[in-house]
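Analysis of the macromolecular model
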Amino acid sequence: MKIIAARIFLLLLLLWMNPLLFAQGGSVQNHLSDSLQSYVAQSHGSWAFTHAHIIDGSGKVLLEDGTLLIEGSRIRKVGTSDEVAIPEGFEVISCQGKTIIPGLVGMHNHLHIPGRPDVASQAAKLYLASGVTTIQTCGAADAQRELELSEQIRSGWSLGPEIIPSAPYVTGPGGNPNMIIPRNDQHLKDTLTYWLSQGVKWFKVYRNVRTEDLRITLERVHASGGKVRGHLCSVSFREAALMGIDGIEHGLNSTADFRSNHVSGLCGGGREYMDELSMDEPRVKDLLSTMVEHKVVLTSTLAVYESSVPNRVYAEERELNVMSDRLREDFNTRLETAKLQWTDSTRNKRLERIMAFEYEFVQAGGLLCSGVDAGRHVLPGFGDQRNYLLHLESGFTPLEAVQIMSANGARAMERDDIGILREGARADFVILDGHLIDDPSTIKRVHRVFQSGIGYNPALILESVQGKFGI
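Read on for a plain summary of the structure. Given the structure is predicted, the values throughout are model-derived calculations rather than measurements. (Residues numbered from 1 in each chain as written. Predicted model: local features only at pLDDT ≥ 70, side-chain atom pairs only at ≥ 80, totals over all residues. Heavy atoms only, no water.)

Some points on the overall build of the protein chain
Convention followed: Strands here mean DSSP runs of E at least two residues long; helices mean DSSP runs of H or I at least four residues long; both are numbered from the N terminus. In this setup the radius of gyration rests on C-alpha atoms only. A globule is expected at 2.2 Å times the number of residues raised to 0.38. Exposure classes here rest on a 1.4 Å probe applied to the protein chains alone. A residue is buried below 20% of its type maximum, exposed above 50%, and partly exposed in between.
Along the backbone of the protein chain there are 16 helices and 17 strands. Relative to a compact globule of 471 residues, whose C-alpha radius of gyration would be 23 Å, the protein chain shows 23 Å and is just as compact. With the C-alpha coordinates aligned to their principal axes, the bounding extent of the protein chain is approximately 80 × 50 × 45 Å. Counting the 471 residues in the protein chain, one finds 56% classified as buried.

Focus on the state of the cysteines
What counts here: Working definition: a disulfide is two cysteine sulfur atoms within 2.5 Å of each other.
Within the structure shown, the criterion is met by one disulfide. Disulfide pairing is shown between Cys 233 and Cys 267; the S-S distance is 1.9 Å. In this structure the cystine formed by Cys 233 and Cys 267 twists about its S-S bond by roughly 85°; its chirality is therefore right-handed. With Cys 233 in the loop between β11 (227-230) and α6 (237-243) and Cys 267 in the loop between β12 (247-249) and α7 (273-276), the pair connects residues that are 34 residues apart, well separated along the chain. Left without a disulfide partner, Cys 369 is nearest to the cysteine sulfur of Cys 138, which lies 11 Å away.

Quick notes on the sheet that holds strand β8 (residues 132-136)
The cut-off we apply is this: Strand pairing is assigned whenever DSSP identifies at least 2 bridges connecting the two strands. Axes here refer to lines fitted to C-alpha atoms; in helices the fit is confined to the stretch in contact. Angles between the N-to-C directions go from 0 to 180 degrees.
If you trace the three strands from one edge of the open sheet to the other, you get β7-β8-β9, paired in parallel fashion. Where the open sheet ends on each side, the last strands, each with one partner, are β7 (104-106) and β9 (162-164). Taking each pair of neighbouring strands and ignoring which way they run, the sheet shows an average axis angle of 15°. The sheet contact formed by β8 and β9 spans three bridges and is parallel. Bridge pairing links Thr 134 to Glu 162 in β9.

With respect to the environment of Thr 193
So the rule is basically this: The definition of a polar contact used here is a pair of N or O atoms within 3.5 Å, where within protein one atom must be able to donate a hydrogen and the other to accept one, and adjacent residues in sequence count solely through side-chain atom pairs.
Along the chain, Thr 193 falls in helix α4 (residues 185-197). Placed 94 residues apart in sequence, Thr 193 and Thr 99 show a C-alpha to C-alpha distance of 45 Å. A distance of 2.8 Å separates a polar side-chain atom of Thr 193 from the backbone oxygen of Lys 189.

Remarks on empty space enclosed by the protein
For the record, the criterion: Only protein atoms enter the 1 Å grid, on which a cavity is a set of points fitting a 1.4 Å probe that cannot get out and a pocket is an open set with protein on both sides within 12 Å along at least 5 of 7 lines, lining residues being those with an atom within 4 Å of a point. Grid points are joined across faces, edges and corners, and a volume is the space filled by probe spheres set on the points.
Across all of its chains, the model carries three cavities of 30 Å³ or more by this definition. The computed volume of the largest cavity comes to approximately 170 Å³. Taken together, 16 residues make up the lining of the largest cavity; nearest its centre are Glu 306, Tyr 314, Glu 319, Val 378 and Arg 386. Secondary-structure elements contributing two or more residues to the lining of the largest cavity are α9 (302-306), α10 (317-322) and α13 (382-394). The biggest single contributor to the lining of the largest cavity is α13, with four residues.

Considerations on the layout of surface pockets
Its boundaries defined by the atoms lining it, the largest pocket holds a volume of some 750 Å³. Forming the walls of the largest pocket are 36 residues, and the residues nearest its centre are Pro 114, Tyr 206, His 231, His 250 and Asp 373. Of all elements in the fold, only α9 and α12 (346-363) reach the threshold of two or more residues within the lining of the largest pocket.

Quick notes on helix α3 (residues 143-154)
What counts is decided by this rule: In this scheme, a helix's expected span is set at 1.5 Å multiplied by one less than its residue total. In this analysis, two residues are considered to be in contact whenever any of their non-hydrogen atoms come within 4.5 Å of each other.
Taking 1.5 Å of rise per residue, the twelve residues of α3 would be expected to cover 16 Å, and the 17 Å separating its terminal C-alpha atoms lies within 8% of that figure. Buried residues of α3: Ala 143, Arg 145, Glu 146, Leu 147, Leu 149, Ser 150 and Ile 153, and no others. Contact partners of the buried residues in α3: α2 (120-129), β9 and α4.

Quick notes on the packing of aromatic side chains
Where we set the bar: In summary, the pairing rule links any two rings of Phe, Tyr or Trp, Trp by its six-membered ring, whose centres are within 6.5 Å, and it sorts them by plane angle into stacked for under 30 degrees, edge-to-face for over 60 and tilted for everything else.
Counting across every chain of the model gives seven aromatic pairs. Judged by centre distance (4.9 Å) and plane angle (75°), the rings of Tyr 194 and Trp 195 are edge-to-face. On the basis of relative accessible area, Tyr 194 is assigned to the partly exposed category, the value being 39%. According to the relative accessible area criterion, Trp 195 is buried, its value standing at 11%. When the ring of Phe 429 is compared with that of Phe 450, the centres are 4.4 Å apart and the planes differ by 5°; the resulting orientation is stacked. Here the residue Phe 429 occupies a position in strand β15 (residues 429-432), and Phe 450 occupies one in strand β16 (residues 446-451), the gap between them amounting to 21 residues. Each member of the pair, Phe 429 as well as Phe 450, carries the same accessibility label: buried.

Points about the packing of helix α8 (residues 282-293) against α12
The line we're drawing: Angular relationships are summarised with four words: roughly parallel below 35 degrees, roughly antiparallel beyond 145, roughly perpendicular across 65 to 115, and oblique for the angles in between. It is the rotation of the near helix from the far one that decides the hand of a crossing: anticlockwise by less than a right angle makes it left-handed, clockwise makes it right-handed.
Two elements in contact, α8 and α12, have axes separated by 10 Å at closest approach and are oriented at 55°. In terms of orientation, α8 and α12 fall into the oblique class. Here α8 runs over α12; the crossing is right-handed. Between α8 and α12, the residues in contact are Val 284, Lys 285, Leu 287, Leu 288, Met 291 and Val 292 and Phe 357, Glu 360 and Phe 361, respectively.

Here's the deal with the packing of α4 against helix α5 (residues 211-223)
For the record, the criterion: Each residue receives one of three labels: charged for Asp, Glu, Lys and Arg, nonpolar for Ala, Val, Leu, Ile, Met, Phe, Trp, Tyr, Cys and Pro, and polar for the others, Gly being one of them.
Where α4 contacts α5, the two axes come as close as 10 Å, and the packing angle between them is 35°. The handedness of the crossing between α4 and α5 is right-handed. Where α4 approaches α5, its residues Asp 185, Leu 188, Lys 189, Leu 192, Thr 193 and Leu 196 are matched on the opposing element by Asp 213, Ile 216, Thr 217, Arg 220 and Val 221. Class assignment of the residues belonging to the contact of α4 with α5 gives a composition of five nonpolar, two polar and four charged.

Topic: the sheet that holds strand β13 (residues 297-300)
Strand order across the open sheet formed by five strands is β10-β11-β12-β13-β14, with parallel pairing between neighbours. Two strands bound the open sheet, and with one partner strand each, they are β10 (202-205) and β14 (368-370). When strand polarity is set aside, the average angle formed by the axes of neighbouring strands in this sheet is 30°. Here three bridges tie β12 to β13, and the two strands are oriented parallel to one another.

Without other data, these values stay purely geometric and don't point to any function.
In structure tokens, the structure reads:
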């Protein structure tokens, strides 16, 4: 009896010291600070969401009359409403006329935008309200702030997606002061070792990176189980793939492989290929084959490129409403400039080539992910939703587009607990108001966002950001 009493005392002591240890399946109060409770629509419990269109993220499954059971922070069952029996004690919520998709996994989702390095807290809220429940930031303007915010969200003190943080960018001469610009080999190794010691596992090399610095980064980061991605220019996609890079960003727009007069190790050369290249050319097929063979992940960032196309420069009222006054003024100026170039189709055709390159990459067997790369008037979360529509325009089916934006990102991060709706996975999912297959704009109508089994009201989250993003 004394042993049993001692164990009970120890259990109660641990619970008092750290309620998060026992949070799964418990009440939401064990997860979130009091200041966040007003954003919660459904706390942890046993829920049955019935009669929904369900897209599971696999790229193959659409349930036109589906039921999703969640218990605590996990998915208990998903299937047709006929085959899923609702256990006693589960509260039933009818989702007639709604679509359920996995929580989106953003794979190029910064917590900064150009010229505004400290928008992390507001960006995190926009991501979550838009249905993005996990992000890999793909390069940090303030890596320490990312680590702190990641922990604040994990501990229930801030709102946002699960953040997989990055180290500062690794670049070469001409890079920004907040990036890692190696003075010598030892300086680079020491800096990489420092960020690895802080728990960071994702590193990004940037446009001016020297070939040897990329090699050192790959060796040091891979030795510690981390991953390296690149927004390339000085190094070609082929070179990086052969060296062992894990991921490449932006696709055709950032490749040096087809530049005229390109010198390895230098960011330069002509970009005539953006107006001339055909996806049927053997050199394109060969590059795609090399990337696939070496298991290089490609991340699409279509929305931010689209924002540079004159006759596609636009922002919806909901986006303008969350912008700061200065950001809104910047957009209006950009829009007036774009109107002067409205009939210029050059960048439209380039966008089509970028889309075609990504489509052919997938047809060749490559793993394509998606991210917003927020900037200009493309906002966190809203830009992810826009990417869905652009993936459809690229030729992907709705099921494939959802897979690119959810399960593929999870696979790239070697995660099997997110990005897909299946038994045992974390209860990260989005309830959309409408049928996504019939109406692609449904992706914008987010009714509820569930993260680890807690359902958030996106309208209330967006209300808290009105006029603040970009300050």
